[in-house]
Amino acid sequence: MIHDAQRSRARSVVRARARQHGNSRIWTVLARGQNYQLRDPNGQPITTRAAKTLIAERFTVPAEVRKRARAHSAATHRGRLTR
């Protein structure tokens, strides 16, 4: 019985967060038990291969930016460890 209450509470949190962030598609997929369908920024369904290409072209952080961010954070963490 307790297990069911926890699961119900967890579902309520997921539902509320999905609504809060305007992503009802995620909740619909979870509620219906269907697979998540990949879509392009225009909302059109796309294949896995096309999604990987899209992510690589438009949504990947450039290597130099990633390197700068990691170098900065590593120095920050080292400074905290020695204090």
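Criteria and thresholds
Residues numbered from 1 in each chain as written. Predicted model: local features only at pLDDT ≥ 70, side-chain atom pairs only at ≥ 80, totals over all residues. Heavy atoms only, no water. Helix = DSSP H or I, 4+ residues; strand = E, 2+ residues; numbered from the N terminus. Buried < 20%, exposed > 50% of the residue type's maximum accessible area, 1.4 Å probe, protein only. Areas by Shrake-Rupley, 256 points an atom, 1.4 Å probe, with all protein chains shown as cover. Patch = residues over 30% accessible without salt bridge, like charges linked within 9 Å, V, L, I, M, F, W, Y side chains within 5 Å. Salt bridge = Lys/Arg side-chain N within 4 Å of Asp/Glu carboxyl O.

Caption draft 1: Spatial organisation of the overall build of the chain. Of regular secondary structure, the chain possesses four helices and zero strands. In sequence order, the secondary structure elements of the chain are arranged as α-α-α-α. When burial is assessed residue by residue, the chain has 6% of its 83 residues classed as buried. Surface accessibility of the chain: about 7600 Å² in total, with carbon and sulfur atoms responsible for 53%.

Caption draft 2: How the structure looks around a nonpolar patch on the surface. Together, Val-14, Ile-26, Leu-30, Tyr-36 and Leu-38 give the surface a local cluster of nonpolar side chains, amounting to about 410 Å² of exposed area. Look at Tyr-36 and you get partly exposed, because its relative accessible area is 44%.

Caption draft 3: Local environment of the environment of Arg-11. Within the secondary structure, Arg-11 sits in helix α1 (residues 2-20). Since its relative accessible area comes to 44%, Arg-11 is described here as partly exposed.

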